[in-house]
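Per-entry structural report
These are the residues of each chain, in order.
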Amino acid sequence: MIQITCKDAVLGYEDGIVAEGLNFIVEEGDYLCILGENGSGKSTLVKALLGLKSQKSGEITRHTKGIGYLPQQTIVQRDFPASVREIVRSGCLSGSGLRPFYTKEEKQRADETMQQLGIDHLAKRCYRDLSGGQQQRVLLARALCATKHLLLLDEPVTGLDPKAQLDLYEMIARLNKEGVTIIMVSHDVNAAVRYASHILHIGSRKQLFFGTVDEYRNSRVGQSFLAAGGLDDEQS
Amino acid sequence: MMSSLEKLVDYFVNYSFVRYAFVVGLLIALCSSLLGVTLVLKRFSFIGDGLSHVAFGAMAVAAVTGLTNRMAIVLPVTLLAAILLLRTGQNTKIKGDAAVAMISVGALAIGYMLMNVFPASSNISGDVCSTLFGSTSILTLRPLDVTLCVIMAVVVLAIFLLFYHKIFAVTFDESFAQASGIQANLYNFIIAVVTAMIIVLAMNLVGSLLISALIIFPALSAMRVFKSFKSVIICSAVISVVCAAAGIILSILFSTPVGSTIVTADIVVFFGFWAVSAITGGKRA
């Protein structure tokens, strides 16, 4: 089942175009990695996919109800006094309307998700006292509370040490095997070709490639980017 | 000690203005502390300061035009300023802190000039001082002021309780909240409106220069020690109410200015909590 269609989309602000000619689809169970240098319009695309920003022309259609979003960390969050449970539960807020409390099912959903990601023992801990990797798991759990169908992760491994990066990649891959569709924005090309099923590569202002990982390895843009990104790393 | 307690009870029983001051003072302290946590965490600590200066300017305009009901000007003007200031977070031509500074000193200057050019009474510096530091107004409340204050406090509390989880979500992570369909802008707007209401209320208690203290000190104290949002909120409310009560009692007993006595109590508590966190937590100073 197709979850997102993007057809001839042009993204930009009042004073200019950020990216154009975006054509891709995301199907259920896919693991799409969006690659591109800084300033290539990745974050604008993320906003458009979330429906927070409308495209200048073309079509972006979401066929699924809700996207679980894992945004980049903000400075505010680093010293935020909140328990892990409070944060994970806040993922259930979508669709709660004006109801001022969580239902029993919502609380249970939050508890189950925390178990699924192995952070249930941290439930009462303070978010700011956790390690970077643990914090990302908490935010991942929150995103999963919003929806189990489609996760959109915006550079999730930034700032993590190598071990924590690997753990997070493995966890995301596991979720994908369990049936969660993943869209990940990244500039780690090696991890992308190792874990993803599809690649969307955006160059400066336009789409350079969309297809499966195997096609990407054989394409010119993929080969040059992989060579530049250091293939040694991947083989070791 | 007994004599001062008797004195206090005597005041409380015999003078209605003391009871009024207590009711209003505690309600204001409660409301301001609730929102303080959100404002501190959203890096808006100074918004209280900026808005209170705007309220001071509006108060000056009200005094000059000789309006009997000053709230009629002060509340809408402050609301407007709050909405403008919290909006600047999104499309920033002028950065948030600069906008706050600009509006704050601008309103202060214009307010003071108006009060001097069109003096409403012969004692200008007395007027200015009591507006800035709230020296006596808490003890000269009329029953109407008290009713108004109670109503506004109830509204603030109701909004806060009703939207507690959403306010948490918007404070912690605006982009996620937005992505999951929460109208982040609407809640920012609500936060702005409630902040303005609290500022206008609190001008009676501590005056416009000291309002920030009422908003940020209890929140900062609570954040030293507690580890979940709910416990921080509850703790900061308790601190704020206790400090306000202590401040009012001490100011009556020793005839010190009410506002600065309350703020001093808040400062003492802050250092107490800071010491506790330094001893128990260790790593977080």
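Calculation criteria
Residues numbered from 1 in each chain as written. Chains lettered and ligands numbered in written order. Predicted model: local features only at pLDDT ≥ 70, side-chain atom pairs only at ≥ 80, totals over all residues. Helix = DSSP H or I, 4+ residues; strand = E, 2+ residues; numbered from the N terminus. Rg over C-alpha atoms; globule rule 2.2 N^0.38 Å. Buried ≥ 20, exposed ≤ 12 C-beta atoms within 10 Å, placed from the backbone. Contact = placed C-beta atoms within 7 Å. Nonpolar A, V, L, I, M, F, W, Y, C, P; charged D, E, K, R; others polar. Axes fitted to C-alpha atoms, helices over the stretch in contact; angles between N-to-C directions. Parallel < 35°, antiparallel > 145°, perpendicular 65-115°, else oblique. Left-handed = near helix turned anticlockwise from the far one by under 90°. Pairing = 2+ DSSP bridges. Expected span 1.5 Å × (residues − 1). Core = buried A, V, L, I, M, F, W, Y, C linked by C-beta atoms within 7 Å. Right-handed = clockwise from strand over helix to strand, strands pointing away. pLDDT = per-residue confidence, 0-100.

**Some points on the overall build of chain A**
Across its full length, chain A carries 10 helices and 9 strands. Since a compact globule built from 236 residues should have a radius of gyration of about 18 Å, the 18 Å found for chain A is in line with a globular shape. Projecting the C-alpha coordinates of chain A onto the three principal axes gives extents of approximately 50 × 45 × 35 Å. Counting only residues that meet the buried cut, chain A has 40% of its 236 residues in that class. Excluding contacts between residues fewer than 6 apart, the proportion of contacts in chain A whose partners are at least 24 apart in sequence is 70%.

**Considering the overall build of chain B**
Summing up its helical and strand segments, chain B has 13 helices and 0 strands in all. Taken from the N to the C terminus, the helices and strands of chain B come in the order α-α-α-α-α-α-α-α-α-α-α-α-α. The 285 residues of chain B split such that 48% are buried. Considering only intrachain contacts with a sequence separation of at least 6, the fraction spanning at least 24 residues in chain B is 73%.

**Points about the interface of chain A and chain B**
When the parts of a complex come together, some accessible area is lost, and that lost area is often taken as the interface size. Chain A puts 21 residues into the contact, and the matching count from chain B is 27 residues. Breaking the side of chain A that touches chain B down by element, the ones donating at least two residues are helix H2 (75–78) and helix H3 (84–89) of chain A. Broken down by class, the residue content of the side of chain A that touches chain B amounts to 14 nonpolar, 6 polar and 1 charged.

**Description of the environment of isoleucine 17 of chain A**
Residue and element names in this part refer to chain A. Mapped onto the secondary structure, isoleucine 17 falls in strand S2 (residues 16–27). Considered as a pair, isoleucine 17 and threonine 74 are 57 residues apart in the sequence and their alpha carbons are 26 Å apart. Those residues in contact with isoleucine 17 that lie beyond four places of it in its chain are Val10, Gly12, Lys56 and Arg205.

**Things to note about the packing of helix H2 (residues 16–41) of chain B against helix H7 (residues 143–162) of chain B**
Packed helix pairs are characterised by how far apart their axes lie and by the angle those axes make with each other. All names here are of chain B. The interhelical angle for the contact between H2 and H7, taken along N-to-C directions, is 25 degrees, at an axis separation of 10 Å. By the criterion of interaxial angle, the relationship of H2 to H7 is roughly parallel. Judged by the twist between their axes, the crossing of H2 over H7 is left-handed. Contacts from Tyr20, Val23, Val24, Leu27, Cys31 and Leu34 of H2 reach H7 at Val146, Cys149, Val150, Ala153, Val156, Leu157 and Phe160. Here the contact of H2 with H7 is built from residues that sort into 13 nonpolar, no polar and no charged.

**Things to note about the sheet that holds strand S4 (residues 57–62) of chain A**
Residues and elements named next belong to chain A. Read from one edge to the other, the open sheet built from 3 strands follows the order S2-S1-S4, with strand pairing classed as antiparallel. Of all the strands in the sheet, just S2 and S4 have a single pairing partner and so form its edges. Shown here is a sheet whose adjacent strand axes are inclined to one another by a mean of 20 degrees, direction ignored. Relative to S4, strand S1 (residues 2–13) runs antiparallel, the two being bridged by 5 bridges.

**Some details on the packing of H2 of chain B against helix H12 (residues 229–254) of chain B**
All names here are of chain B. Their axes nearest at 8 Å, the elements H2 and H12 cross at an angle of 150 degrees. The orientation of H2 with respect to H12, classified from their angle, is roughly antiparallel. Pair H2 / H12 crosses with right-handed handedness. Here Val18, Ala21, Phe22, Gly25, Leu26, Ala29, Leu30, Ser32, Ser33, Leu34, Gly36 and Val37 of H2 come into contact with H12, specifically with Val232, Ile233, Ser236, Ala237, Ile239, Ser240, Val241, Cys243, Ala244, Ala245, Ile248 and Ile252. In the contact of H2 with H12, the residues fall into 18 nonpolar, 6 polar and no charged.

**A short note on the sheet that holds strand S7 (residues 181–186) of chain A**
The strands that make up a sheet are held in pairs by hydrogen bonds between backbone atoms, and each pair lies either parallel or antiparallel. Residues and elements named next belong to chain A. Read from one edge of the open sheet, 6 strands run S5-S6-S7-S3-S8-S9, paired in mixed fashion. Each edge of the sheet is formed by a strand with only one pairing partner; in this case those strands are strand S5 (68–70) and strand S9 (207–212). With strand direction ignored, the average angle separating the axes of adjacent strands in the sheet is 10 degrees. One ladder, built from 5 bridges, connects strand S3 (residues 31–36) with strand S8 (residues 198–202); its direction is parallel.

**Considering helix H5 (residues 132–146) of chain A**
Here H5 of chain A is 15 residues long and its end C-alpha atoms lie 22 Å apart, about the 21 Å a rise of 1.5 Å per residue gives. Its buried side turned inward, H5 of chain A meets S5, H3, helix H4 (104–116), strand S6 (150–154) and helix H6 (162–177) of chain A.

**What to know about the nonpolar core**
With 159 residues, the main nonpolar core has Ile34 and Leu152 of chain A together with Ala55 and Ala202 of chain B as its most contacted residues. Looking at which element gives the most residues to this core, the answer is helix H10 (residues 184–206) of chain B, with 14 residues. Here alanine 55 of chain B is in contact with Val74, Thr78, Ile199, Val200, Met203 and Ser208 of chain B, once residues within four sequence places are set aside.

**A closer look at the environment of arginine 43 of chain B**
Residue and element names in this part refer to chain B. Mapped onto the secondary structure, arginine 43 falls in the loop between H2 and helix H3 (47–65). On the neighbour-count criterion, arginine 43 (13 C-beta atoms within 10 Å) is partly exposed. Note: C-alpha distance between arginine 43 and tyrosine 164 (121 residues apart in sequence) is 19 Å.

**Structural notes on the pairing of S7 of chain A**
Residue and element names in this part refer to chain A. Burial of S7 is extensive: 6 of the 6 residues sit out of reach of the surface. Residue alternation in S7 divides its side chains into two sets, Thr181, Ile183 and Val185 and Ile182, Met184 and Ser186, and both sets are buried. Judged from the 5 bridges that link them, S3 and S7 form a sheet pairing that is parallel. By the bridge assignment, tyrosine 31 is partnered in S7 with isoleucine 182. Handedness of the crossover joining S6 and S7 through H6: right-handed.

**Observations concerning the confidence of the model for chain A**
Residues of chain A with pLDDT of at least 70 account for 96%, and the chain-wide mean is 84. In this model residues 230–236 of chain A is a low-confidence stretch, pLDDT under 50, and it forms 4 contacts with partners more than four residues away in sequence or in other chains.

**Regarding unusual backbone geometry**
At aspartate 8 of chain A, a position not held by glycine, the phi torsion is positive, near 50 degrees. Its place among the elements puts aspartate 8 of chain A in strand S1.

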